Each structure stands twice: as C-alpha cells, then as structure tokens.
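# Coordinate inspection notes
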Amino acid sequence: MADRTRTRLLNALKSSGPQTAADLAKVLSVTTVAVRQHLDGLLHDELVAFEDLKGSVGRPKRVWTLTETGHQQFPDNHSNLILGLLGGLSDLYGQEGIDRLIAHREAQSRSAYLDAMKEVKDLDARVNQLAELRSREGYMAEVKQEDGSYLLIENHCSICAAATACQGFCRSELKLFKDVLGPDVSVERTEHQLSGDRRCVYRIEARN
C-alpha cells in the first residue's frame, strides 16, 4: 500500500504540478498526515522538493514539486536509443533524412488518429478522443475547458529526448493536431515543455 501511495503521489504531482500536502490528500483521499509522511520519504529519495511560499496572512504555504529525478521516474521511450538512432540517421542522410523520418511518423499518426475519429463528429468528443489517443502513447493527456475553448494538456512528453534533439517533432505534432481536428478548428500551443514550461498545452476552439 505504501508503494502504491508513493506512486499515486508522484502521478498527482506530474499531472497537476506543484501542490500542498492538503491538496494532495484530497486528490488521494487519504489524511494529510499520511501524505506528509510519504512526502518525507520521497524527499529523502530526492524525488520531490518543496518551497515555502509566503501569503498575505498566516503561515507560509509549503508547496511540493517533482525534482528532475522525480520526472525521470516516468517513461521516456528509451531516450538513449532514440538519440543514437537520430544521430546515426543524421550522419548517414543529413537533415533531409531527419525531415523524411518526421514526415513519415506524422503521416502514420495522422492515419491512425483519423481512423479512430472517423465516427466522431462533435468537437468536444474529438478533442477528448485525441486526448485518449495521446494518453495511450504516454503523454498523460487530459482536457479542460476555459473561456469557451478546450485545453489539451499533456503532462508528460514521451518523446522528450527526441524532441529536444530535433524540434521538428514538436512542429510536426502541432500540424498533426490541426490536420486531425479539421480546418474549422484553431489549435495554438500556449505552453511548451521544451521552452521551459512544466507541460505542453494546446488551446483548441472552433473558428467563427
């Protein structure tokens, strides 16, 4: 049970970002005391860190976040192998080879996504279907609504190493979302992990 709670804590911090022990206790439906005990263990293992934030009144609020080591607990699609393959492809075929690989991957994903959405017409359903497809690929995706728009939130980048080495993957994914959701829908990336944000977020809305 202890290991399961630790895993749930890490998942909650990965999915929702910095949180207090009280916030985490509500999410996990356990006591705040229990959460603090587990956080102390994760702190000892260097998987989490905290910051005491001062408010206008009262005691400082202790907010917990994942450390770099904590983020590494989540899958990264065998980053070392991917980086080695990308380097070899570049050596053999240059930038054209990389571009062709990205285009090929984009075409495969487009075909799979469109097939999964062929019976889905409503934008709400399409965005949620896209989030489900992305979650299956390890992106920990979720959908929220804000000011009449949909936010497709990806809490984990399962190809982070490849995207860091070649940002063409990120450009390709943005284009992929636009193609899959259709010409009557606008898609804008508002947060980008490779630009220093905690996650990638896409604002999606129907064009007027």
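Small disclaimer: the values here were computed from a predicted structure and weren't measured. (Residues numbered from 1 in each chain as written. Predicted model: local features only at pLDDT ≥ 70, side-chain atom pairs only at ≥ 80, totals over all residues. Heavy atoms only, no water.)

## Things to note about the environment of Tyr150
Formally: Each helix is a run of DSSP H or I of at least 4 residues and each strand a run of E of at least 2, with the numbering of both proceeding from the N terminus. For the exposure calls, accessible area comes from a 1.4 Å probe over protein chains only, and a residue counts as buried if that area is under 20% of its type's maximum, exposed if over 50%, partly exposed in between. In this description, contact between two residues means that some pair of their heavy atoms is separated by no more than 4.5 Å.
By the secondary structure assignment, Tyr150 is in strand S4 (residues 149-154). A relative accessible area of 13% means that Tyr150 is categorised as buried. Remark: the alpha-carbon pair of Tyr150 and Asp3, spanning 147 residues in sequence, is separated by 35 Å. The contacts of Tyr150, once residues within four sequence positions are left out, are Leu123, Asp124, Val127, Val143, Lys144, Gln145, Tyr202, Arg203 and Ile204.

## Some points on the nonpolar core
Keep this limit in mind: For this analysis, a nonpolar core means a set of buried residues of the types Ala, Val, Leu, Ile, Met, Phe, Trp, Tyr and Cys, connected via side-chain atoms within 4.5 Å.
Formed by 20 residues in total, the largest nonpolar core has its most connected members in Leu152, Phe177, Val187 and Ile204. Sorting the residues of this core by element identifies helix H6 (123-136), S4, helix H8 (168-181), strand S5 (185-191) and strand S6 (200-206) as the ones contributing at least two each. Apart from the residues within four sequence positions on either side, Ile204 is in contact with Leu123, Val127, Ser149, Tyr150, Leu152, Leu181, Val185, Ser186 and Val187. Core analysis: the second largest hydrophobic core is formed by 16 residues, Leu9, Ala21, Leu28 and Leu42 among them.

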